[in-house]
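Here are the chains, one letter per residue:
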Amino acid sequence: MAAEREPPPLGDGDHTDFRELDDAEDLFASTVSTLESSPSSPEPASLPAEDISTKPNGPKAAQILLDDDQEDLFAEATEEVSLDSPERDAILSSDSTPAITPVTPTTLVTPRMEPKSLSASDLFDISKDEIEEELNGDTFDISVSVSDPEKVGDGMNAYLAYRVTTKTSLAMFNSSEFSVKRRFSDFLGLHGKLASKYMHIGYIVPPAPEKSIVGMTKVKVSKEDPSSAEFVEKRRAALERYLQRTVKHPTLLQDPDLRQFLESSELPRAVSTQALSGAGILRMVNKAADAVNKMTIKMNESDAWFEEKQQQFENLDQQLRKLHASVEALVCHRKELSANTSAFAKSAAMLGNSEDHTALSRALSQLAEVEEKIDQLHQEQAYADFYLFSELLGDYIRLITAVKGVFDQRMKCWQKWQDAQATLLKKREAEAKLQYGGKPDKLQQAKEEIREWESKVQQGEREFEQISKTIRKEVGRFEKDRVKDFKAVIIKYLESLVHTQQQLIKYWEAFLPEAKAIA
């Protein structure tokens, strides 16, 4: 195929000049003449892409794609790929979100976009510097923490407010350290705004923590309940991880809504985030409609990379869910072991108090003290099991759902392109009928409609190619972050296990002489 043939070497003389070739020019004329004069060249010349056709998914055979991976993104497919999958929470509804701030240029590279509704052609105008920055994995000097959960109000109207503290040296912010108060619905509102802007063009937007009506109801009606305190800490940690993942994304970090969330003292209340609101019911309806659409759309996948990645994420999702369930069971087991150890310590202490034999009484009392210390170790290990391992798995289950969401958006973009091609074909058939029917008065209008739909077909193909490239880069970033996060957490988890076992050995070694002293 023409796309697979490497261009002949060019001369390496200083006079070599690369220029754009017009469609009418002979692409190989200059190459032949150059071969006669020079044997080699440091770089091959670029070939212009051909006009967009109305073929199925993929460019023409002679089209050469200039992609970082140096591979054909849209090779001919050999089999049909079914994209049927379970309903995913990351597919968002089309309902509007409140007070979305328009995007304005900053000192960093920012995608050009309009308020609320953004076209793919604007958002995909990304500079070479940003792409290289993404590939190199550069990070920004910014850290975000969520602390000091505070209950505001009484009864069912109460809510929790969190202090969000940001430390950074980036020039886009007004100061190097600042903090604001935010409630849970503000976090959900931020995620809704970012998802509505970036998800449909292929960016992976980190999901916000899930709502918990039961847990929040306990907080509202109870005064001091250990389960409520555990719920509040769990939510605080989840919100902090959500913000940390969001500010690590270079494109999302430049968004004005995120900067407003981090800096502004007052935010418009995000009312559409309520679970039982009209917007919430509309989201559930839209999710059901999306699930039906995914079952009816059959995409002729022509890119083996996307086919492989989709299957990989499906398998990864299943395995993570199984492991998450096992770790949750382990956490419950450690909590139960802690409770039983505490009961054993109390029984040993009572037995020691009632024992007449002095040495045996002292040994039983010290055994009770050791068991109390071991009870504390079991509690700490259960805490580490949950906050280090279980929460990481839960976060990545939701993140993989977001990844699946951008794959679904690519499928929707492809379907939009195919629909435009089908409409264009019908318009051309209608024009042919008018020509044969001798109706010149309607012929001009038909030609204008054809030109309009030809433009839509070209736009649809461009958007499909751009979202495919963006997803490739986003998946690459996601994989790097996933490996880094799992490595860090596994090391911390193993260190906590080693520390627990060392403490157990220390406690039992200290008790052993007392047990041997019983006579």
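Refer to the preceding data block for the structure.
What comes next is a walk through the structure. (Residues numbered from 1 in each chain as written. Predicted model: local features only at pLDDT ≥ 70, side-chain atom pairs only at ≥ 80, totals over all residues. Heavy atoms only, no water.)

Section: the sheet that holds strand 1 (residues 142-152)
For clarity, the cut-off: At least two DSSP bridges between two strands are needed for those strands to be called paired. Runs of H or I in DSSP of at least four residues are treated as helices and runs of E of at least two as strands, each being numbered from the N terminus. All axes here are fitted lines through C-alpha atoms, helices being fitted over the stretch that makes contact, and every angle between N-to-C directions spans 0 to 180 degrees. Contacts are assigned to residue pairs with any non-hydrogen atoms lying within 4.5 Å of each other.
Pairing within the open sheet is antiparallel, and its three strands lie in the order 1-2-3. This sheet does not close on itself; its edge strands, each paired only once, are strand 1 and strand 3 (177-183). Neighbour-to-neighbour, the strand axes of this sheet turn through a mean angle of 20°, independent of strand direction. The strands touched by helix 4 (residues 184-198) within the sheet are strand 1, strand 2 (159-168) and strand 3, with strand 3 carrying the most contacts at an inclination of about 100°.

As for the packing of helix 4 against helix 8 (residues 256-263)
To characterise two packed helices, one gives the angle between the axes of the helices and the distance between these axes. Applicable threshold: For this classification, under 35 degrees means roughly parallel, over 145 means roughly antiparallel, 65 to 115 means roughly perpendicular, and everything else is oblique. Handedness of a crossing is defined here by the sense of rotation of the near helix relative to the far one, left-handed for an anticlockwise turn of less than a right angle and right-handed for a clockwise turn.
Axis separation between helix 4 and helix 8 bottoms out at 9 Å; the angle between their running directions is 165°. By the angle between their directions, the pair helix 4 and helix 8 is classed as roughly antiparallel. As for how helix 4 packs across helix 8, the hand of that crossing is left-handed. Contacts between helix 4 and helix 8 involve Asp186, Phe187, Leu190, Lys193 and Lys197 from the former and Pro256, Asp257, Leu258 and Phe261 from the latter.

Digging into the environment of aspartate 481
We apply this condition: Note on classification: 1.4 Å probe, protein chains only; a residue is buried when its accessible area is under 20% of the maximum for its type, exposed when over 50%, partly exposed between these limits.
Along the chain, aspartate 481 falls in helix 12 (residues 440-516). Judged by relative accessible area, which is 22%, aspartate 481 ranks as partly exposed. In this structure, the C-alpha to C-alpha distance between aspartate 481 and arginine 245, residues 236 residues apart in sequence, is 9.4 Å. Beyond its immediate sequence surroundings of up to four residues, aspartate 481 is in contact with Lys248 and Tyr396.

Focus: the environment of glutamate 355
As a reminder of what qualifies: Between N or O atoms, a polar contact is any pair within 3.5 Å; within protein, one atom must be a potential hydrogen donor and the other a potential acceptor, and residues adjacent in sequence are included only when both atoms are from side chains.
Here glutamate 355 lies in the loop between helix 10 (304-354) and helix 11 (358-437). Along the backbone, glutamate 355 and serine 365 are ten residues apart, and their C-alpha atoms lie at a distance of 10.0 Å. When neighbours within four sequence positions are excluded, glutamate 355 is seen to be in contact with Leu360 and Ser361. In terms of polar contacts, glutamate 355 uses its side chain to reach the backbone amide nitrogen of histidine 357, at 3.2 Å.

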